[in-house]
Amino acid sequence: MESRVAIAGAGLAGSEAALQLAARGIAVDLFEMRPAVQTPVHKGGDCAELVCSNSLKSLKPESAAGMLKAELAALDSFLYARALDCAVPAGGALAVDRDRFSAAVTAAIGAQPLIRLVRREVASLDDLAGYEAAILATGPLTSDSLAASLGRALGADYLAFYDAAAPIVMADSLDGSVLFRQSRYEEGAGDYLNAPFTKEEYERFIDALLGARRIIAREFESRDLFQACQPIEEIARAGRDAPRFGPLKPVGLTDPRTGRRPWAALQLRAENAERTAYNLVGFQTNLAFPEQQRVFSLIPGLAQAEFARFGVMHRNTFLDAPRLLGADLRLRMPADAAGCPVHVAGQLGGTEGYCEALRSGVHCALAVAAALRGIELPPLPRQTAFGALLAYATDPATADYQPMHVNFGIMPPLDPPVRNKGERYRAYSERGAAALVGYVAALEQVGLMDRGRAR
Ligand SMILES: Cc1cc2nc3c(=O)[nH]c(=O)nc-3n(C[C@H](O)[C@H](O)[C@H](O)COP(=O)(O)OP(=O)(O)OC[C@H]3O[C@@H](n4cnc5c(N)ncnc54)[C@H](O)[C@@H]3O)c2cc1C
């Protein structure tokens, strides 16, 4: 009898999980509520839409983000391969043309006969009854109705709070006589545009930023924010100089007009291969739209900036993973709550970041495929990037859990310790690569991978 799996959400994690399951001969109903029902930040109807930055972070093998990419490559991630196809210049990072990327993912899903893309909201866990298994991959902006259904089934607290997305400006509205093209420390031959501030320009900008009108300010002040996604005005509120040591840091940059490092600098990164639009790097914001126009036009070179998209506020919904999820990302809840076993992939499951969502989509698909075939899922070594994140996110000892990116801080310490930072990162990376080889071999042994090719 054909196994059919339901996946709620054709975002990054859900699309990846669907393609992984189908590659292993498992039929999938992939439910996506867009375009009929939109989230506060998605724009269109394509699968795997990137809602904020177009960067998938560093490609350097000796970084945690680079290690994660090596895992995605070794496990034949479909969306990572599409991201590489759609890359735009971004120094040592992988950034993509977001429209081409989502169109490519949507086409891959459309071309896979085992996937049925159902344009409908999964409004409740009851909608999953009758499937062999289900994966919830509805992300940080899970619809209210499904969130309420989860809340009723779990009877546990899970958090919803706000994050912020950076604005995008049109390239031809920028002042090329002020902005200069350079990557920090000259790395990557000038993929970024830089807006250099003098001390006076910086002070004027900070005054305007601090005085500007914000949206839903009260919720923002009363809730925690991801450190990695702090709005620029919140950073400035922490201290007038804080932006100069954060998103506006000028280190590694030399203004060709003065031959010196500017007092502060904003970096702008290309949004597409044609470089027709740029995002303001690290400028997630909660300002009202007219205020963004007014305040951000005080940035040198942006006086006439035309905004392709203003920064926006958004909700962030995620489960208390340490108490609700196991290493196979299966949700612990009453057996009859959904009528089938439910796994959780992506940000709803408590990881944060685009590549993390892809990797959790792969992991969830492997776990579901193993369960349907009645085989044991090989344990994921903690020395790998996602293994470390999974161990952290599902450790019942973790109190007050906040979703996080992969990082070296959660990896098991090296034995013996390595003092030099560069050497330490290399050692983490080499140790992770060796563990990954063993993991892939174990997947092959149980028939979940075939000589490095997903099936
Ligand atoms: C505004 C914002 C900015 C962010 N910026 C960054 C960033 O710059 N870099 C980064 O690495 N990460 C960023 N993140 C986090 C990033 O979005 C996530 O890590 C990643 O997209 C999560 O992938 P996902 O597959 O879990 O969710 P998503 O990619 O959001 O996919 C979830 C999908 O589920 C659909 N859906 C929701 N509810 C239902 C339902 N009930 N039925 C059917 N479909 C449903 C949605 O329409 C969506 O297509 C940001 C998040 C937000 C919200």
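What you see is a predicted model, and the numbers here were worked out from it, not measured in a lab.

1. Examining the overall build of the protein
Within the protein one finds 13 helices and 18 strands. The globule rule puts the C-alpha radius of gyration for 455 residues at 23 Å, and the 22 Å found for the protein is close to it. Principal-axis analysis of the C-alpha atoms gives the protein an extent of 70 × 50 × 45 Å. Within the protein, the fraction of its 455 residues that count as buried is 57%. Considering only contacts within the protein whose residues lie at least 6 apart along the sequence, 71% involve residues at least 24 apart. On the protein, roughly 18500 Å² of surface is accessible, and the fraction owed to carbon and sulfur atoms is 53%.

2. A closer look at the pattern of salt bridges
Inspection of every chain in the model, using the stated rule, returns 16 salt bridges. When the shortest N-O distance is used, the salt bridge between Arg240 and Glu203 registers 2.6 Å. Here Glu203 lies in helix H6 (residues 199–211) and Arg240 lies in the loop between helix H8 (232–237) and strand S12 (264–270), a separation of 37 residues in the sequence. Under the relative-accessibility criterion, Glu203 is labelled partly exposed at 23%. The network of salt bridges with common partners includes Arg4, Asp29 and Arg116.

3. Thoughts on the domain arrangement of the protein
According to the domain assignment, the protein contains domain 1 (4–160 + 316–454) and domain 2 (168–311). Between domain 1 and domain 2, the C-alpha centre-to-centre distance is 31 Å. When domain 1 packs against domain 2, the two sides together hide about 1500 Å² of surface, and 46% of this comes from carbon and sulfur. Applying the counting criterion to the domain 1 and domain 2 interface returns 5 residue pairs in polar contact (both at pLDDT 80 or more). Looking at the side of domain 1 that touches domain 2, its residues break down into 9 nonpolar, 9 polar and 5 charged.

4. Regarding the packing of H6 against helix H9 (residues 289–296)
Between H6 and H9, the shortest axis-to-axis distance is 10 Å and the interhelical angle comes to 170°. Relative to H9, the element H6 lies roughly antiparallel. Of H9, the residues touching H6 (which contributes Phe205, Ala208 and Leu209) are Arg294, Val295 and Phe296. When its residues are assigned to classes, the contact of H6 with H9 shows 5 nonpolar, no polar and 1 charged.

5. Observations regarding the sheet that holds strand S3 (residues 55–58)
Pairing within the open sheet is antiparallel, and its 3 strands lie in the order S3-S5-S4. Of all strands in the sheet, those with a lone pairing partner are S3 and strand S4 (87–88), marking the two edges. Across the sheet, helix H3 (residues 78–85) lies against S3, S4 and strand S5 (93–96), angled at about 85° from S5, the strand it touches most.

6. Side note on the sheet that holds strand S9 (residues 168–170)
Across the sheet, which stays open at both edges, the 6 strands sit in the order S10-S11-S12-S13-S9-S14 with antiparallel pairing between neighbours. Only two strands of the sheet have a single neighbouring strand rather than two, namely strand S10 (180–181) and strand S14 (307–309). Sitting on the sheet, H6 is in contact with strand S11 (192–197) and S12, with an inclination near 95° to S11.

7. Some details on the pairing of strand S7 (residues 133–136)
What you see with S7 is no split at all: Ala133 and Ile135 on one side and Ala134 and Leu136 on the other are buried throughout. Pairing between strand S1 (residues 4–8) and S7: 4 bridges, direction parallel. Residue pairing across strands places Ala8 opposite Leu136, the latter belonging to S7.

8. Points about H6
With 13 residues, H6 ought to run about 18 Å at 1.5 Å a step, and its terminal C-alpha atoms sit 19 Å apart, in line with that. What H6 keeps buried is the set Tyr202, Phe205, Ile206, Ala208 and Leu209. Take H6 and look down its axis: the buried residues cluster within an arc of 165°, on one side only. Seen from the buried face of H6, the exposed residues on the opposite side, beyond 90 degrees, are Glu200 and Gly211.

9. Let's talk about the environment of Glu71
Mapped onto the secondary structure, Glu71 falls in helix H2 (residues 64–74). When its relative accessible area of 3% is taken as the criterion, Glu71 is described as buried. Separated by 365 residues in the primary sequence, Glu71 and Leu436 place their C-alpha atoms 7.2 Å from one another. When sequence neighbours within four positions are dropped, the list of residues in contact with Glu71 reads Arg359, Thr384, Ala385, Phe386 and Leu436.

10. Things to note about the packing of aromatic side chains
Taken as a whole and assessed by the stated rule, the structure comprises 10 aromatic pairs. On the numbers, 6.2 Å between centres and 85° between planes, the contact of Phe197 with Tyr202 is edge-to-face. Each member of the pair, Phe197 together with Tyr202, is buried. Between the aromatic rings of Phe408 and Tyr428, the centroid separation amounts to 4.8 Å while the plane-to-plane angle is 15°, which identifies the pairing as stacked. Taken together, the residues span a long stretch of sequence, with Phe408 in the loop between helix H12 (385–393) and helix H13 (421–445) and Tyr428 in helix H13 at a distance of 20 residues. What makes Tyr428 buried here is its relative accessible area of 9%. Linked through ring pairs, Phe197, Tyr202, Phe205, Phe283 and Phe296 together constitute an aromatic cluster.

Calculation rules
Residues numbered from 1 in each chain as written. Predicted model: local features only at pLDDT ≥ 70, side-chain atom pairs only at ≥ 80, totals over all residues. Heavy atoms only, no water. Helix = DSSP H or I, 4+ residues; strand = E, 2+ residues; numbered from the N terminus. Rg over C-alpha atoms; globule rule 2.2 N^0.38 Å. Buried < 20%, exposed > 50% of the residue type's maximum accessible area, 1.4 Å probe, protein only. Contact = heavy atoms within 4.5 Å. Areas by Shrake-Rupley, 256 points an atom, 1.4 Å probe, with all protein chains shown as cover. Salt bridge = Lys/Arg side-chain N within 4 Å of Asp/Glu carboxyl O. Domains from an automatic or database assignment. Buried area = accessible area lost by both parts, 1.4 Å probe. Polar contact = N/O pair within 3.5 Å; in protein donor to acceptor, adjacent residues only side chain to side chain. Nonpolar A, V, L, I, M, F, W, Y, C, P; charged D, E, K, R; others polar. Axes fitted to C-alpha atoms, helices over the stretch in contact; angles between N-to-C directions. Parallel < 35°, antiparallel > 145°, perpendicular 65-115°, else oblique. Pairing = 2+ DSSP bridges. Expected span 1.5 Å × (residues − 1). Arc of directions from axis to C-beta. Phe/Tyr/Trp six-rings, centres within 6.5 Å; stacked < 30°, edge-to-face > 60°.

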